[in-house]
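# Summary of the model geometry
Below are the chains, spelled out letter by letter.
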Amino acid sequence: MSATQAALNELLPLAADTFDKDKVTPGVLGFIVFAALALGVWGLMKSMSRHMDRVNFKEAPERTPAASPAPAPDAPKAAH
């Protein structure tokens, strides 16, 4: 048996007596992990917002090949 395992076997019954299962909280480590995740999501949303502002959503008009004939003047135009 290793020294670590022996120490755990001796300290485990002591830990069971001190913990109240109704009062156990995530603690400081849980807060730090949650805060890091929140900051990461905030940064990603800010970056996405900047990238979406750069996108041009206006559709470019279709280029008609030079070989195609022009539409007749009396033909109705398609509504956009």
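Scroll up a little and you will see the structure.
Calculation rules
Residues numbered from 1 in each chain as written. Predicted model: local features only at pLDDT ≥ 70, side-chain atom pairs only at ≥ 80, totals over all residues. Heavy atoms only, no water. Helix = DSSP H or I, 4+ residues; strand = E, 2+ residues; numbered from the N terminus. Buried < 20%, exposed > 50% of the residue type's maximum accessible area, 1.4 Å probe, protein only. Areas by Shrake-Rupley, 256 points an atom, 1.4 Å probe, with all protein chains shown as cover. Patch = residues over 30% accessible without salt bridge, like charges linked within 9 Å, V, L, I, M, F, W, Y side chains within 5 Å. Salt bridge = Lys/Arg side-chain N within 4 Å of Asp/Glu carboxyl O.

Let us look at the overall build of the protein chain. The helix and strand tally for the protein chain stands at 2 helices and 0 strands. Looking at the protein chain residue by residue over its 80 residues, the buried ones come to 0%. Split by element, the accessible area of the protein chain, about 8400 Å² in all, is 66% carbon and sulfur.

Once that is clear, we can look at a nonpolar patch on the surface. Together, Val41, Met45, Met48, Met52, Val55 and Phe57 line one region of the surface with nonpolar side chains, adding up to about 620 Å² of accessible area. Its place among the elements puts Met48 in helix H2 (residues 27-54). Given the relative accessible area of 45%, Met48 is considered partly exposed.

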